[in-house]
Amino acid sequence: MSSPVSPPPSPDVRPGRLPALAYAQHFADASPRLTPAQAVLEAERCLYCFDAPCATACPTHIEVPSFIKRIADGNLRGAARAILEANPLGGMCARVCPTENLCEAVCVRHTQEGTPVAIGRLQRHAVDALLESARPQLFTRATTTGKKVAVLGAGPAGLACAHTLARLGHDVVLFDAHAKAGGLNEYGLASYKTPDNFAQREVLWLLDIGGIEIRTGWTLESVAQLDALRQGYDALFLGMGLRSTHQLGVPGEQLDGVMDAIAFIATLRQTKDLATLPVGRRVVVIGGGMTAVDAAVQAKLLGAESVQLVYRRGPAAMSASVAEQEWAQTHGVTIHHWLAPVDILAHQDRSGHASAVRFARQSLVAGKLTATGEIEVMPADMVLKAIGQQLGNPVLVQAGLALDGGRLATDAAGATNLSGVWAGGDCRAGGLDLTVEAVEHGKQSALAIHAQLTGA
Amino acid sequence: MANLHTNFAGIPSPNPFWLASAPPTDKAYNVNRAFEAGWGGVVWKTLGEAGPPVVNVNGPRYGALLTPDRRLLGFNNIELITDRDLELNLREITEVKRNWPDRAMVVSLMVPCEEASWKAILPRVADTGADGIELNFGCPHGMSERGMGAAVGQVPEYIEMVTAWCKQYSKLPVIVKLTPNITDVRLPARAAKKGGADAVSLINTLNSIMGVDPYTLTMSPATAGRGSHGGYCGPAVKPIALNMVAEIARDPLTAGLPISGIGGVGNWRDALDFIALGAGNVQVCTAAMVYGFKIVQEMSDGLSNYMDEMGFRSLDAIRGQALPSVTDWRYLNLNHVSKAVIDQDSCIQCGRCHIACEDTSHQAITASKDGKRHFEVKEDECVGCNLCVLVCPVPECISLRDLKPGEKDLRTNRVVSDQQVDWTTHPNNPLRIAQTL
């Protein structure tokens with residue numbers, strides 16, 4: 001007679017759940033690179049459309065048919081130029097852009113035969129080829145104008161703004177709170193989308209234009225700081241992103257084992273040896289966007305036995321795309337819909353630690369999300385919150401910046417209500433919270449700043 | 001950006017990409033759009049004499065050779081010269097040239113083979129401010145039936161005569177456009193030069209019929225159930241054009257005569273082929289009709305990046321550089337030995353190489369080894385013909401390996417020599433030249 005196997009001690013949050021070699025395999029490049037032969041074949045599928053829908057759909061309006069034709073023509077450098085001219089972070093965007101919702105969604109090949117041209121993979125092929133070439137620098141800086149611009153936030157919006165301004169001859173100082181530049185590119189995006197330290201390699205390429213100084217470890221903590229910047233620089237661009245996360249507002253949220261998904265991912269991105277990173281045996285992720293998916297998938301890849309991704313509405317309402325949802329599911333994440341958290345239960349033996357999440361089932365009654373009365377409890381060693389972020393820095397409002405829906409209100413070029421101050425990226429109202437859109441914001445604001453500084 | 005500027009037969013152009021005389025260069029609307037897109041020059045669609053213009057069928061005028069995924073390999077047309085009034089054309093040419101002074105404006109002409117006809121039209125063209133004229137001696141249909149077009153292009157004496165008239169009655173550079181529907185293109189080229197031509201352009205289109213409709217058993221394309229041969233152009237004709245350009249460029253009697261290369265130019269690589277074989281610039285038509293005028297931007301960018309990579313400061317550094325490698329078959333080195341090599345790591349085991357070689361060539365590729373499917377070259381049979389390389393679907397899976405002097409050729413059991421020997425001195429050649437000892 002065999003003795004019953006005793007359950008593992010819970011709460012069960014520990015590192016090293018997988019054999020050593022599995023980590024590299026699990027976190028390898030999610031999208032393997034095209035071979036040169038594959039790239040040409042795929043490029044040949046492009047029809048070089050008139051007024052191409054893909055170029056219109058791209059928030060940075062990359063001349064897609066041109067870059068793809070150049071790949072087919074064996075002109076990789078020219079292809080990279082076409083991309084980076086419109087989008088200086090074309091390398092990162094190629095890796096993380098939800099192309100299935102943007103360019104590839106409107107590709108006429110999609111209409112014709114159900115399969116779009118693999119625009120994202122082709123874009124990566126061209127940009128990677130440039131970065132690996134003997135002469136990766138494409139652009140030259142215009143004559144220095146003597147103007148200086150301060151950019152707050154070295155994420156995609158700030159980097160795009162800085163690069164565009166520097167190309168036009170202005171000097172830029174780029175401030176960032178973190179130890180490294182890159183913003184969410186470095187600290188937030190899924191590891192398997194950005195392997196081989198790509199975020200930093202891209203930052204180095206961007207800085208290579210000259211004229212950009214980066215100051216890390218700098219935070220905006222007072223109105224006085226903001227005023228000093230407005231005084232000391234000819235223009236100011238705010239690209240700080242969103243600093244704080246929405247809280248669940250339920251009892252038990254402060255228990256150990258409960259954390260922001262953003263923080264979990266940031267730690268993961270900066271962990272060299274993933275075998276040392278603790279992960280729960282049973283993980284519950286609350287939320288429905290890309291952050292939720294990235295956190296859930298990476299938790300599973302770290303060796304979590306079960307990962308539940310729980311969203312309070314239905315699949316259609318999730319901001320994660322269908323492709324992202326399928327990505328999560330094929331990686332062993334179970335997605336639950338119509339469940340909203342009510343409280344987080346403490347462990348009976350270790351009362352400071354979470355042990356389960358209690359959910360209330362929801363349905364739509366006359367268009368309103370309403371509890372049905374059913375309750376569901378999911379055991380959890382680790383709970384990751386991914387229900388959205390907010391601006392979070394009170395200095396902005398204190399300084400007089402107007403908000404719209406909780407983010408900085410601006411015009412189409414990013415000009416805020418304070419003269420000489422522009423904003424772009426996630427901190428700006430009305431956007432889609434996409435890397436590519438942040439780049440476009442940065443670019444457009446840079447052009448507007450340039451016009452104002454040169455009196456054009 | 002490299003310097004793409006050209007000066008072709010005395011005509012400056014910001015880049016070597018011109019549009020050929022055809023519907024894309026029919027009127028101001030088209031040509032303005034072309035220049036806005038970045039074309040360096042155009043040859044305006046062929047003008048005829050004053051008087052009632054030609055009329056053409058109202059469809060179809062084109063046919064094509066398409067791959068199953070509708071990629072265009074070849075194009076066939078029964079277009080004629082301009083069907084617009086001469087005066088309207090001349091006015092538009094004047095206006096467009098005035099609006100685009102830095103671009104090349106060449107006017108294509110086809111009038112009857114009489115001195116008076118040419119004497120009449122030349123000053124009208126000169127008055128437009130155009131940079132040059134192109135003599136259309138190539139149209140293979142429609143006009144040739146009337147003693148013009150190819151009817152002139154196939155008769156060297158007519159070419160020389162008309163060219164001489166144009167040089168006599170006009171100061172404009174004269175480009176003579178040659179037809180490929182000819183036995184030896186060097187004869188018309190020499191005639192053009194003798195007549196005083198400043199340049200030749202080639203090729204015009206090749207006589208062609210695209211196919212047959214299987215259900216009606218009519219030729220295609222057809223107008224109301226019947227069709228005419230047309231002029232074939234597009235990617236498929238480039239090799240024909242390249243050969244003719246090279247022949248003219250290396251013929252001692254015409255070497256140095258500027259050549260405008262036409263025939264299947266679709267990207268910068270095609271343009272490079274023409275220029276390296278002696279062309280001073282290229283003219284494009286089919287690719288523009290398939291992709292629109294914007295395609296010139298990809299051509300320019302590609303050529304420029306190539307030149308930067310190779311260190312070529314201008315097109316002068318490329319022009320004709322491949323000509324020394326063009327020779328007659330009888331001078332090729334018969335002592336050179338190549339063997340095909342199959343990379344087993346990238347081989348997908350389709351077996352195409354084997355069956356091509358086994359059925360149609362030298363039976364030099366295995367189909368199996370140790371009872372398993374396996375494709376490997378047998379050097380004792382391989383003559384290095386290159387067929388397997390060309391039919392293999394995997395790029396660079398099969399390649400030709402050059403044997404070094406001293407290596408043994410397993411097929412002949414002879415050691416490879418470092419001496420160059422060709423047919424002119426080969427013992428099997430009854431007309432061999434005696435070798436000096």
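Residues numbered from 1 in each chain as written. Chains lettered and ligands numbered in written order. Predicted model: local features only at pLDDT ≥ 70, side-chain atom pairs only at ≥ 80, totals over all residues.

K.L.:
Explain the overall build of chain B here, please?
P.N.:
A count of helices and strands for chain B gives twelve helices and 22 strands. Summarising its shape, the C-alpha atoms of chain B cover approximately 80 × 60 × 45 Å along the three principal directions. Per-residue burial for chain B yields a buried fraction of 44% across its 437 residues. Residue pairs in contact within chain B that sit at least 24 positions apart in sequence constitute 71% of those at least 6 positions apart. (Helix = DSSP H or I, 4+ residues; strand = E, 2+ residues; numbered from the N terminus. Buried ≥ 20, exposed ≤ 12 C-beta atoms within 10 Å, placed from the backbone. Contact = placed C-beta atoms within 7 Å.)

K.L.:
Explain the overall build of chain A here, please?
P.N.:
Looking only at helices and strands, chain A has 18 helices and 19 strands in total. Relative to the 2.2 N^0.38 estimate, which gives 23 Å for 456 residues, the radius of gyration of chain A is 23 Å and therefore close to what a compact globule would have. Considered along the principal axes of its C-alpha atoms, chain A spans approximately 80 × 55 × 50 Å. The buried share of chain A, taken over its 456 residues, is 48%. Restricting the contact set of chain A to residue pairs at least 6 apart, pairs at least 24 apart contribute 71%. (Rg over C-alpha atoms; globule rule 2.2 N^0.38 Å.)

K.L.:
Would you mind going over the interface of chain B and chain A with me for this structure?
P.N.:
How large an interface is tends to be reported as the accessible area lost when its parts come together. Listed by partner, the interface residues are eleven residues for chain B and eleven residues for chain A. Among the secondary structure elements, those contributing two or more residues to the side of chain B that touches chain A are α8 (268-276) and α10 (295-310) of chain B. With five residues, α10 of chain B is the single largest residue contributor to the side of chain B that touches chain A. In terms of residue class, the side of chain B that touches chain A is built from three nonpolar, five polar and three charged. (Nonpolar A, V, L, I, M, F, W, Y, C, P; charged D, E, K, R; others polar.)

K.L.:
Sorry if this is basic, but what is going on with the nonpolar core here?
P.N.:
Most often, soluble globular proteins have nonpolar side chains that are buried together. Judged by nonpolar contacts, the single largest core of 135 residues is most densely connected at Val285, Ala296 and Leu309 of chain A. Looking at which element gives the most residues to this core, the answer is helix α15 (residues 290-301) of chain A, with eight residues. In contact with Leu309 of chain A, other than residues within four places in its own chain, are Val285, Ala292, Val293, Ala296, Ala328, Val333, Ile335 and His336 of chain A. Ranked by size, the runner-up nonpolar core spans 92 residues in total, among them Trp39, Val125, Ala279 and Val282 of chain B. (Core = buried A, V, L, I, M, F, W, Y, C linked by C-beta atoms within 7 Å.)

K.L.:
Help me understand helix α6 (residues 186-194) of chain B in this model?
P.N.:
Three or four residues apart is the spacing at which side chains of an α-helix point the same way, because the helix has 3.6 residues per turn. Along α6 of chain B, the positions that sit buried rather than exposed are Pro188, Ala189, Arg190, Ala191, Ala192 and Lys193 of chain B. Gly196 of chain B, located one to two residues past α6 of chain B, shows a positive phi value of around 105°.

K.L.:
Would you mind showing me how to read the sheet that holds strand β14 (residues 368-379) of chain A here?
P.N.:
Strand pairing in a sheet takes place through backbone hydrogen bonds and is either antiparallel or parallel in direction. Residue and element names in this part refer to chain A. Taken in spatial order, the three strands line up as β12-β13-β14 in an open sheet, and their pairing is antiparallel. At either end of the open sheet lies a strand with only one pairing partner, and these are β12 (339-346) and β14. Each strand axis lies, on average, 20° off the axis of its neighbour in the sheet, ignoring direction. Where strand β13 (residues 354-365) meets β14, nine bridges bridge the pair, whose relative direction is antiparallel. Residue pairing in the sheet places Leu364 in a bridge with Leu369 of β14. (Pairing = 2+ DSSP bridges. Axes fitted to C-alpha atoms, helices over the stretch in contact; angles between N-to-C directions.)

K.L.:
What am I meant to see in the sheet that holds strand β14 (residues 230-233) of chain B here?
P.N.:
Residue and element names in this part refer to chain B. Taken in spatial order, the four strands of this open sheet run β5-β6-β14-β11, and their pairing is antiparallel. With one partner strand each, in any of the chains shown, β5 (62-66) and β11 (206-208) form the two edges of the open sheet. With strand direction ignored, the average angle separating the axes of adjacent strands in the sheet is 35°. Sheet analysis places β5 next to strand β6 (residues 72-77), joined by five bridges and oriented antiparallel.

K.L.:
I keep staring at helix α12 (residues 198-207) of chain A and nothing clicks. Help me out?
P.N.:
All names here are of chain A. When α12 is considered as a whole, its buried residues turn out to be Phe198, Ala199, Glu202, Val203, Trp205 and Leu206. Mapping the buried residues of α12 onto a view down its axis gives an arc of 160°, with all of them on the same face. The inward-facing, buried residues of α12 contact α6 (90-96), α9 (119-131), α10 (156-167) and α11 (184-187). (Arc of directions from axis to C-beta.)

K.L.:
Help me understand the environment of Ala317 of chain A in this model?
P.N.:
Positionally, Ala317 of chain A belongs in the loop between β10 (306-310) and α16 (322-330). In this structure the C-alpha to C-alpha distance between Ala317 of chain A and Gly288 of chain A, which are 29 residues apart in sequence, comes to 8.2 Å.

K.L.:
I keep staring at the confidence of the model for chain B and nothing clicks. Help me out?
P.N.:
Do not read the fine detail of predicted coordinates wherever pLDDT is low. Across chain B, the average pLDDT comes to 95, with 96% of residues at 70 or higher. The ipTM value of the predicted complex is 0.91, and its pTM value is 0.92. (pLDDT = per-residue confidence, 0-100.)

K.L.:
Just checking my understanding: could you explain the pairing of β14 of chain B for this structure?
P.N.:
Here is the key point about a regular strand: its side chains alternate between the two faces of the sheet. Residue and element names in this part refer to chain B. With three bridges joining them, β6 and β14 adopt antiparallel strand pairing. When the bridges of β14 are listed, Phe75 appears paired with Cys233. Sheet topology note: the β11/β14 ladder contains three bridges and is antiparallel. Note on β14: the bridge partner recorded for Ser208 is Gly230.

K.L.:
Looking at this structure, I do not really get the packing of helix α5 (residues 76-86) of chain A against α9 of chain A. What am I missing?
P.N.:
In a packed pair of helices, the relevant descriptors are the angle between the two axes and the axis-to-axis distance. Residues and elements named next belong to chain A. Their axes nearest at 8 Å, the elements α5 and α9 cross at an angle of 110°. With respect to α9, the element α5 is oriented roughly perpendicular. Contacts from Leu76, Arg77, Ala79, Ala80, Ile83 and Leu84 in α5 reach Gln123, Ala126, Val127, Ala129 and Leu130 in α9. Along the lines of polarity and charge, the residues of the contact of α5 with α9 split into nine nonpolar, one polar and one charged. (Parallel < 35°, antiparallel > 145°, perpendicular 65-115°, else oblique.)

K.L.:
For this particular structure, what's the right way to read unusual backbone geometry?
P.N.:
Most peptide bonds are trans, and most residues other than glycine sit at a negative phi. Residue and element names in this part refer to chain B. In this structure, the amide linkage connecting Gly59 to the following residue, Pro60, adopts the cis form with an omega of -20°. Relative to the elements of secondary structure, Pro60 occurs in the loop between β4 (41-47) and β5. The linkage connecting Leu202 with the following residue, Ile203, adopts the cis geometry, with an omega of 15°. Residue placement: Ile203 occurs in the loop between β10 (199-202) and β11. Positive phi values are uncommon outside glycine, yet Gln349 reaches one of about 65°. Mapped onto the fold, Gln349 is located in the loop between β17 (338-342) and α11 (352-360).

K.L.:
It is not clear to me how the environment of Gln362 of chain A should be interpreted in this structure. Could you clarify?
P.N.:
All names here are of chain A. Looking at the secondary structure, you find Gln362 in strand β13. Remark: the alpha-carbon pair of Gln362 and Gly373, spanning eleven residues in sequence, is separated by 8.2 Å. Apart from residues lying up to four places away in sequence, Gln362 is in contact with Arg312, Trp338, Leu339, Ala340, Leu369, Thr370, Ala371 and Thr372.

K.L.:
Honestly, the environment of Thr140 of chain A in this entry has me stumped. Any pointers?
P.N.:
Looking at the element boundaries, Thr140 of chain A is found in the loop between α9 and β2 (148-152). On a C-alpha basis, the gap between Thr140 of chain A and Leu189 of chain A in space is 30 Å, while along the polypeptide they are 49 residues apart.

K.L.:
Explanation requested: the packing of helix α4 (residues 64-72) of chain A against α5 of chain A in the structure shown.
P.N.:
All names here are of chain A. Contact pair α4 / α5: the axes reach a minimum separation of 7 Å and the direction vectors enclose 170°. The angle between α4 and α5 places the two elements in the roughly antiparallel class. Mapping the contact onto sequence places Ser66, Phe67, Arg70 and Ile71 in α4 and Leu76, Gly78, Ala79, Ala82 and Ile83 in α5. Residues of the contact of α4 with α5, tallied by class, amount to six nonpolar, two polar and one charged.

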